[in-house]
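# Remarks on the overall topology
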Amino acid sequence: MEKSVERTQRTVIRLLFGILLSLIFFIAAIWGGHDLYVRWQEKRLVRRATFDMEHGNERDASLAARSILEMKPSSASAARIMAQLGERVGERSALNWRRKVVQLDPHSVDDALALVRCAVQFNDIPTAERTLAEVNENLRNSAPYHEASALVAQFKHQDEKAETEWNEALRLSPDDKSFQRQLGMLRLRATQPERRAAGEAMLTALRSDPAQRSAATRALINAGVTRKEDPRKLLELARELQAYPEATWNDRFVYLDFLHGLQDPQFSAYLTELEKTAPTKASSLAALLSWMAKNNLSLLALDYSKSLSAESLQNWPVPLAIADAYLRLREWQNLEALTAKANWGRLEFLRHAYLARALRAEDKRAAAEHEWSAALKDATSSESLVLLIQPISEWGWENETTDLLWALSKHPEKQKDAFMALYQHYAKASDTQGLYRVLVRLSELDSTNLNVQNNLAQVSLLLNANPEEARRSAADVYHKSPANPAYMTTYAYSLLTQGNAKEALRIMSSLSEEQLSDPTISAYYGIFLAATGDEKARAYLDFGKPANLLPEEKALIDKAYASLDSRSRTR
């Protein structure tokens with residue numbers, strides 16, 4: 001009996017163990033199957049997104065990449081696609097995607113160099129230089145590495161180094177026409193006529209290559225505009241550019257610009273040609289209407305819009321282009337009618353803003369404030385704030401623009417751009433307190449930036465805000481780069497604030513006459529000379545006085561003149 005019970009127990013145990021083992025295998029099979037499914041979906045969607053990008057369908061490519069990231073947030077392939085899409089449209093979030101790719105695949109040199117190129121595109125040179133420095137020295141002897149190094153050097157206007165890097169890239173990859181184009185563009189901006197001619201020859205030769213002709217022609221046109229070359233010659237280049245099968249609408253607008261500016265008889269015919277083809281795509285139609293409005297042809301744009309179907313006029317971003325035309329013509333009632341009951345979807349904040357603009361012009365203050373509040377409520381993302389800032393600043397709404405930039409500065413991916421725009425705004429307005437607020441934040445973001453640290457020290461001393469720390473910072477920056485005239489001036493001023501005018505002059509004495517010809521530096525040199533009673537100060541003060549100075553700096557100049565006048569009277 002006992003043996004029978006034991007056999008039964010062993011049978012039950014074996015059965016339970018078998019069930020448990022089967023359950024484990026079942027779960028593993030499901031998990032493995034799920035993993036295989038995710039990997040299959042990832043590969044499928046990456047192929048789809050790549051195809052969409054190649055055919056200019058950025059929207060579907062983005063949807064495919066985001067679908068991958070929902071299933072697999074650690075997908076480096078999806079992050080690469082998001083980065084490429086951001087780079088195409090100039091969206092700074094591309095940098096964050098490139099950083100994510102490098103984090104996911106830290107051993108990929110290609111991805112590291114892609115991050116360098118992206119950082120240069122969005123003016124983040126510290127990131128570019130840091131990433132380049134982290135590339136393994138054994139892997140630096142490659143054309144892409146020298147390409148990335150050249151781009152960084154070009155951005156820093158180190159043209160000789162950039163040319164060396166492009167030549168090395170070409171040595172390693174002699175058939176790469178894009179490197180030839182970059183070298184040609186670099187030489188085209190040289191001051192030496194022979195180098196400039198060599199660059200022009202390189203780009204002209206590349207115009208016979210279908211893959212390079214558009215970029216090479218654009219570079220020749222841009223250089224010609226900069227150097228104010230014969231517009232008829234540039235018109236011919238623009239004509240050829242817009243005729244290429246791969247020409248963009250921007251290329252067509254370049255040609256239209258030349259025809260319009262030269263009052264060429266072909267202008268009307270070409271504009272009519274564009275009017276016939278533009279309605280096939282909403283973005284092209286909106287771009288054409290915007291071009292007309294910006295070139296004082298708003299009436300023509302609105303007249304043309306009357307010939308279009310209602311469906312065409314409702315497709316985004318056409319309503320925005322129509323709104324701009326009404327705004328430029330100051331047709332406030334029509335602008336109000338267009339925006340009052342419309343629905344601009346995810347860009348409702350822009351509709352509220354344009355409606356607020358019309359209502360303000362019509363002196364409907366309460367309604368205008370209501371619409372502006374609605375615009376602010378809807379514009380919460382960094383993307384929406386950037387889109388809102390552009391028209392608001394063009395309208396001259398300075399207070400609103402400043403508030404939006406401070407709101408944008410709270411978004412990490414846009415902080416630096418927001419603070420630089422705020423800096424330019426406060427500098428233009430000669431607002432020293434505003435500059436101080438911005439510089440404090442910029443200093444927190446990048447404590448290694450000597451220009452920021454120098455400017456913060458200077459403004460702090462002018463405001464007498466934390467002067468001891470400002471003097472220490474001025475000295476530190478000066479000793480790191482003692483030949484920089486701006487750093488020398490700030491350090492010298494910090495010495496003057498301590499009553500040490502003679503040492504301030506000693507620091508400034510190494511400046512050349514050419515460096516002293518900078519009006520701002522000349523003003524400070526005059527201030528230092530006046531502090532020692534030297535009458536030579538007047539010439540430097542006179543020369544520096546018209547400079548774009550802050551109110552506190554103008555007060556220093558007035559004080560210097562008063563000191564000199566007082567000394568003259570007592571002699």
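What you see is a predicted model; the values in this text were computed from it and never measured.

Glancing now at helix α8 (residues 159–172). Here α8 spans 20 Å end to end across 14 residues, near enough to the 20 Å set by a 1.5 Å rise per residue. Taken as a whole, α8 has its buried residues at A162, E163, E165, W166, A169 and L170. With its buried residues spanning 165° around the axis, α8 presents them on a single face. Looking at α8, the residues exposed on the side facing more than 90 degrees away from the buried face are E160, T164 and R171. Residues of α8 that are buried sit in contact with α7 (143–155), α9 (177–188) and α10 (193–206).

Moving on, we come to a positive patch on the surface. On the surface, K43, R44, R47 and R48 cluster together into a positively charged patch. Among the secondary structure elements, R47 is positioned in helix α1 (residues 2–54).

Another aspect to go through is the side chain of R357. In this structure, R357 sits in helix α20 (residues 348–361). Apart from residues no more than four positions distant in its own chain, R357 is found in contact with L327, R330, W332, W395 and W397.

Looking at soluble globular proteins, one finds that nonpolar side chains tend to be buried together. Counting residues in hydrophobic clusters, the biggest one holds 115 residues, and the most contacted among them are Y354, W372, L388, I527 and F528. Discounting chain neighbours no more than four positions away, the residues touching I527 are L496, L541, L556, I557 and A560. In terms of nonpolar packing, the next biggest core, distinct from the first, is built from 29 residues, A112, V116, A153 and A162 among them.

Right, let's talk about helix α11 (residues 213–226) for a bit. Taking 1.5 Å of rise per residue, the 14 residues of α11 would be expected to cover 20 Å, and the 20 Å separating its terminal C-alpha atoms lies within 8% of that figure. If you check which residues of α11 are buried, you get R213, S214, A216, T217, A219, L220, I221, A223 and G224. On the buried face of α11, the contacting elements are α9, α10, α12 (231–243) and α13 (249–261).

This next bit is on the packing of aromatic side chains. Per the counting criterion, the structure on display carries 14 aromatic pairs. Arranged with centres 5.1 Å apart and planes meeting at 85°, the rings of Y354 and W395 form a pair that is edge-to-face. Of this pair, Y354 sits in helix α20 while W395 sits in the loop between α22 (382–394) and α23 (398–408); the two residues are 41 residues apart in sequence, bridging distant segments of the chain. Exposure remark for Y354: the relative accessible area of 3% places this residue in the buried category. Site record: aromatic cluster; members linked through ring pairs are W316, W344, Y354, W372, W395 and W397. Its guanidinium or amino end placed over the ring of W249, R252 lies 5.2 Å from that ring's centre, counting from NZ or CZ.

So, about the side chain of T489. The topology assignment puts T489 in helix α28 (residues 485–496). With relative accessibility at 5%, the residue T489 sits in the buried group. Not counting residues up to four positions away in its chain, the partners in contact with T489 are M508, I521, Y524 and F528.

This part takes up the domain arrangement of the protein chain. Along its sequence, the protein chain is organised into domain 1 (52–174), domain 2 (185–263) and domain 3 (436–570). Using only C-alpha atoms to locate each centre, domain 2 and domain 3 end up separated by 44 Å.

Counting across every chain of the model gives one cavity of 30 Å³ or more. Considering only enclosed or pocket space, the largest cavity measures out at about 30 Å³ in volume. As for the largest cavity, its lining consists of A523, Y524, I527, L549, E553, L556 and I557. Broken down by secondary-structure element, the contributors of at least two residues to the lining of the largest cavity are α31 (519–531) and α33 (551–570). Split by residue class, the lining of the largest cavity holds six nonpolar, no polar and one charged.

Here we take up the environment of A368. By the element assignment, A368 lies in helix α21 (residues 365–378). A368 gets classed as buried once you look at its relative accessible area, which sits at 0%. It is 4.3 Å that separates the C-alpha atoms of A368 and A356, two residues lying 12 residues apart in sequence.

At a minimum axis separation of 10 Å, α8 and α9 run at an interaxial angle of 160°. As the angle between them shows, α8 and α9 are arranged roughly antiparallel. In this structure, α8 crosses over α9, and the sense of that crossing is left-handed. In this structure, α8 contributes D159, A162, E163, W166, N167, A169 and L170 to the contact, and α9 contributes F179, Q180, Q182, L183, L186 and R187. Residue classes in the contact of α8 with α9 are distributed as seven nonpolar, three polar and three charged.

What follows is about the layout of surface pockets. Volume-wise, the second largest pocket comes out at about 590 Å³. Taken together, 21 residues line the second largest pocket, and the ones lying closest to its centre are P126, D446, N449, N451 and V452. Elements supplying a minimum of two residues to the lining of the second largest pocket: α6 (125–134), α24 (415–428), α25 (432–445) and α26 (450–463). Per-element tally for the lining of the second largest pocket: the top contributor is α26, with four residues. In terms of residue class, the lining of the second largest pocket is made up of 11 nonpolar, six polar and four charged. For the lining of the second largest pocket, the domains that each give at least three residues are domain 1 (52–174) and domain 3 (436–570).

This part is about the pattern of salt bridges. Throughout the structure, instances matching the rule amount to 37 salt bridges. Its salt-bridge partner being R92, residue D417 comes within 3.6 Å of it at the nearest N-O pair. Here D417 is found in helix α24, whereas its partner R92 is found in the loop between α3 (76–89) and α4 (93–104), with 325 residues between them in sequence. A relative accessible area of 34% means that D417 is categorised as partly exposed. Residue R92 is classed as buried on the basis of its relative accessible area of 9%. For K364, the salt bridge identified is with E336, shortest N-O distance 3.3 Å. In this pair, K364 sits in the loop between α20 and α21 while E336 sits in helix α19 (residues 332–340), placing the two residues 28 residues apart along the sequence. By relative accessible area, which is 37% here, K364 ends up partly exposed. Each of E200, R227, E229 and K233 takes part in salt bridges that share partners, so that together they form one network.

On to unusual backbone geometry, then. Note the cis peptide between W316 and P317, where omega equals 10°. Residue placement: P317 occurs in the loop between α17 (310–314) and α18 (318–328). One non-glycine residue, N123, lies in the positive phi region at around 65°. Structurally, N123 can be placed in the loop between α5 (109–121) and α6. For N123, a relative accessible area of 48% puts it in the partly exposed group.

Analysis parameters
Within each chain, residues carry numbers counting from 1 in the order of the written sequence. Owing to the predicted nature of the model, reporting of local features is limited to residues with pLDDT of at least 70; listing and counting of side-chain atom pairs is limited to 80 or more, with chain, interface and lining totals taken over all residues. Only hydrogens and water are removed before side-chain values are computed, so all heavy atoms of the structure are retained for them. Here a helix means four or more residues in a row that DSSP labels H or I, a strand means two or more in a row labelled E, and each is numbered from the N terminus. How far a helix is expected to stretch is found by multiplying one less than its residue total by 1.5 Å. Whether a residue is buried, partly exposed or exposed follows from its accessible area with a 1.4 Å probe, protein chains only, as a fraction of its type maximum: under 20%, in between, or over 50%, in that order. Along the arc lie the directions from the helix axis toward the C-beta atoms. By definition, residues are in contact when any of their heavy atoms lie within 4.5 Å. Patch membership is restricted to residues that have no salt bridge and whose relative accessible area is over 30%. Joining uses 9 Å for like charges and 5 Å for the nonpolar side chains Val, Leu, Ile, Met, Phe, Trp and Tyr. Surface accessibility in these figures is a Shrake-Rupley result with a 1.4 Å probe; residues are shielded only by whichever protein chains are displayed. Think of a salt bridge as a Lys or Arg side-chain nitrogen and an Asp or Glu carboxyl oxygen that are within 4 Å of each other. Positive: Lys, Arg. Negative: Asp, Glu. His and the chain ends are not part of the count. Working definition for charges: the position is that of NZ of Lys, CZ of Arg, CG of Asp or CD of Glu. Here the nonpolar core consists of buried residues drawn from Ala, Val, Leu, Ile, Met, Phe, Trp, Tyr and Cys, with membership extended through side-chain atoms lying within 4.5 Å. Aromatic rings from Phe, Tyr and Trp, with only the six-membered ring used for Trp, were paired whenever their centres fell within 6.5 Å, and each pair was classed as stacked if the ring planes differed by under 30 degrees, edge-to-face if by over 60, and tilted otherwise. Only Lys NZ and Arg CZ are tested; either one counts as a charge over a ring when it is within 6 Å of the ring centre and within 35 degrees of the ring normal. Start and end positions for the domains come from either an automated domain assignment or a database one. In the cavity and pocket records, a cavity denotes points on a 1 Å grid over the protein atoms alone where a 1.4 Å probe fits but cannot get out, a pocket denotes an open set with protein on both sides within 12 Å along at least 5 of 7 lines, and lining residues are residues with an atom within 4 Å of a point. Grid points are joined across faces, edges and corners, and a volume is the space filled by probe spheres set on the points. Residue type decides the class: Asp, Glu, Lys and Arg count as charged, Ala, Val, Leu, Ile, Met, Phe, Trp, Tyr, Cys and Pro as nonpolar, and the leftover types, Gly among them, as polar. Lines fitted to C-alpha atoms define the axes, with helix axes restricted to the stretch in contact, and inter-axis angles between N-to-C directions lie between 0 and 180 degrees. Under this scheme an angle from 65 to 115 degrees is roughly perpendicular, one under 35 degrees roughly parallel, and one over 145 degrees roughly antiparallel; angles in between are oblique. Two helices that cross are described as forming a left-handed crossing if the nearer one is turned anticlockwise from the farther one by less than a right angle, and a right-handed crossing if clockwise.

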